[in-house]
Amino acid sequence: MIELEAALAANLADAHPDVQRVLIDTLSVMAQACARIGEIASQGMLAQAHGWAGTHNSQGEQQKRLDLLADDCMRDALTACPHVAGWASEELENAQASPHHGQTGPLLVVYDPLDGSSNIEANISIGTIFSILPHRYRGANPGDADFMQPGHQQVAAGYVLYGPATLMVLTCRRGVLVFTLDKRAGMESARWVLTQDQVSIPIATREFAINASNQRFWEKPIQRYIAECVAGENGPRMKDFNMRWVASMVAEVHRIMTRGGVFLYPRDTREPIKPGRLRLMYEAAPMALLVQEAGGRAVNGTSELLDLIPDVLHQKVPVILGSKDEIDRIVNYHADPHENVSWQLFKTRSLFVQPQA
Ligand code: AFP
């Protein structure tokens, strides 16, 4: 079995030895932190990890106990890592400079410590998402502005899925690797082992994931795309589609990594100043890099997510990603915004209207 460090060394064989060392060390430290988060999550109520913490993050969202425990695990790990100059967490208002390595570390880390918080008490899959960026202005502690780099600058990105198995899915821009946390010899000697090399997302799919309760707020291109999927073999797509929604982006993206599909959290009209629910830096950009490295595509409807330059640390964006053929189609629908939705489809077969006998 190939363990994390050896697998990364092989994956980064063409990189400069210094780059190799820095990335392997940093990813190993983060992998350990995620193993710890997974352990706490798996203990649930036994670890007092369920329920509200009674606090809010900078976005005004209520925090769960596990959000905070996971954030602590990541922060402690990153503080000890000499290569990390600073980090930005979905749970913190501002970026933090490393107290010891702020001026010297070559890397910045951005992370969502606990994705899918609403699933915690229901014991449904949750995850951690992270992104690694270069620290370009060494000699000074990084501030918020240093983190606001477009996603295509990422040197690595990944997520950890705390599901029936604990999996880490990583890219160092040389394809996508999957590691499984091997706990068979006990948690003390748990290790990450490579279980899949070079993940490839099928180019075509018959499966989509969207929170259909927001349908009335979607723009026309998304109305049209979903209506056509739901119309199935009777509609213009002439094939039936399946739908899934886990409410944890990590779980949705991992399903797409394993069997293809489309995930949409599109722009909606509820809060026009927040065009979307997901954060560009903590969720959209790292997932976009992973999806692209696996042969898929990730857009906001009209532009590649990796090209977007953040204006603020917690910026939200529409996210549409997955199997390439479907994403190409959705981008084409956005390029033709005046095309009317086929409302007829909604009358006969809709997410909410019973099909006529
Ligand atoms: P939380 O971690 O704040 O619960 O959010 C998870 C998430 O950002 C993403 O993982 C899901 O796709 C999405 O929210 C689910 O949102 P809905 O509440 O619309 O199901």
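Note that the structure is predicted; figures quoted are calculated from it, not measured. (Residues numbered from 1 in each chain as written. Predicted model: local features only at pLDDT ≥ 70, side-chain atom pairs only at ≥ 80, totals over all residues. Heavy atoms only, no water.)

**Q** Please clarify how the overall build of the protein chain should be interpreted in this entry.
**A** Across its full length, the protein chain holds nine helices and 17 strands. Radius of gyration (C-alpha) of the protein chain: 20 Å, near the 21 Å computed for a compact globule of 357 residues. For the protein chain, the spread of C-alpha atoms along the three principal axes comes to 65 × 45 × 45 Å. In the protein chain, buried positions account for 56% of the 357 residues. Pairs at least 24 residues apart make up 64% of the contacts formed inside the protein chain by residues separated by at least 6 positions. Surface exposure of the protein chain reaches about 15,300 Å², of which carbon and sulfur atoms provide 50%. Here the protein chain contributes 32 positive and 40 negative side-chain charges, whose respective centroids are spaced 6 Å apart. (Helix = DSSP H or I, 4+ residues; strand = E, 2+ residues; numbered from the N terminus. Rg over C-alpha atoms; globule rule 2.2 N^0.38 Å. Buried < 20%, exposed > 50% of the residue type's maximum accessible area, 1.4 Å probe, protein only. Contact = heavy atoms within 4.5 Å. Areas by Shrake-Rupley, 256 points an atom, 1.4 Å probe, with all protein chains shown as cover. Lys, Arg positive; Asp, Glu negative; His and termini not counted. Charge placed at Lys NZ, Arg CZ, Asp CG, Glu CD.)

**Q** Would you explain the packing of helix 5 (residues 220-231) against helix 8 (residues 324-335) in this entry?
**A** A pair of packed helices is captured by two measures, namely the crossing angle of their axes and the spacing between those axes. In the contact formed by helix 5 and helix 8, the axes pass within 8 Å of each other and the chain directions differ by 135 degrees. Here helix 8 runs oblique to helix 5, going by the angle between their axes. For the pair helix 5 and helix 8, the sense of crossing is right-handed. Facing helix 5, whose interface residues are Pro221, Ile222, Arg224, Tyr225 and Glu228, helix 8 presents Glu326, Arg329, Ile330, Tyr333 and His334. Here the contact of helix 5 with helix 8 is built from residues that sort into five nonpolar, one polar and four charged. (Axes fitted to C-alpha atoms, helices over the stretch in contact; angles between N-to-C directions. Parallel < 35°, antiparallel > 145°, perpendicular 65-115°, else oblique. Left-handed = near helix turned anticlockwise from the far one by under 90°. Nonpolar A, V, L, I, M, F, W, Y, C, P; charged D, E, K, R; others polar.)

**Q** Explain the packing of aromatic side chains here, please?
**A** The geometry of an aromatic ring pair is captured by the separation of the ring centres together with the interplanar angle, meaning the angle of the planes. Taken as a whole, this structure holds two aromatic pairs when the rule is applied. Ring centres of tryptophan 245 and phenylalanine 263 lie 5.6 Å apart, and the angle between their planes is 5 degrees; on these two criteria the pair is classed as stacked. Here tryptophan 245 is found in the loop between strand 12 (242-243) and helix 6 (249-259), whereas its partner phenylalanine 263 is found in strand 13 (residues 262-265), with 18 residues between them in sequence. The class for tryptophan 245 is partly exposed, based on a relative accessible area of 29%. (Phe/Tyr/Trp six-rings, centres within 6.5 Å; stacked < 30°, edge-to-face > 60°.)

**Q** Even after reading the chapter, I still don't get helix 6, so can you show me in this structure?
**A** For the α-helix, the turn length of 3.6 residues means that residues three or four positions removed from each other point alike. For helix 6, the tally of buried residues reaches nine of eleven residues, placing the bulk of the element in the interior. Restricting attention to buried positions, one finds in helix 6 the residues Met249, Val250, Ala251, Glu252, Val253, His254, Arg255, Ile256 and Met257. Positioned one or two residues after helix 6, glycine 260 has a phi angle of 80 degrees, which is positive.

**Q** Which parts of the structure should I look at to understand the domain arrangement of the protein chain?
**A** Interfaces are often sized by the amount of accessible area the parts lose when they come together. Splitting the protein chain by domain gives domain 1 (4-196) and domain 2 (207-346). Summarising the inter-unit geometry, the C-alpha centres of domain 1 and domain 2 are found 25 Å apart. With 47 residues of domain 1 at the interface, the matching set in domain 2 holds 30 residues. Contact with domain 2 buries surface across domain 1, with Ile129, Met148 and Tyr159 losing the most and accounting together for 21% of the total. Where domain 1 meets domain 2, there are three salt bridges. (Domains from an automatic or database assignment. Buried area = accessible area lost by both parts, 1.4 Å probe. Salt bridge = Lys/Arg side-chain N within 4 Å of Asp/Glu carboxyl O.)

**Q** Sorry if this is basic, but what is going on with the site of the ligand here?
**A** Taken together, 15 residues surround the ligand, and among them Asp115, Gly116, Asn211, Met249 and Tyr265 come closest. In the model, an oxygen atom of the ligand is placed 2.5 Å from a nitrogen or oxygen of the aspartate 115 side chain. Take asparagine 211: an N or O atom from its side chain is 2.7 Å from an oxygen atom of the ligand. For the ligand, whose free accessible area comes to 480 Å², the fraction covered by protein is 85%. For the shell around the ligand, the secondary-structure elements that each account for two or more residues are strand 5 (107-115) and strand 13. When residues of the shell around the ligand are sorted by domain, at least three fall in each of domain 1 (4-196) and domain 2 (207-346). (Near = heavy atom within 4 Å. Polar contact = N/O pair within 3.5 Å; in protein donor to acceptor, adjacent residues only side chain to side chain.)

**Q** Whenever I open this one, the side chain of asparagine 119 confuses me. Can you help?
**A** On the secondary structure map, asparagine 119 appears in the loop between strand 5 and strand 6 (126-134). A relative accessible area of 5% places asparagine 119 in the buried class. Engagement of the side chain of asparagine 119 in a polar contact is seen with the backbone oxygen of serine 125, the distance being 3.1 Å. The residues contacting asparagine 119, other than those within four sequence positions of it, are Ile124, Ser125, Ile126, Val246, Ala247 and Ser248.

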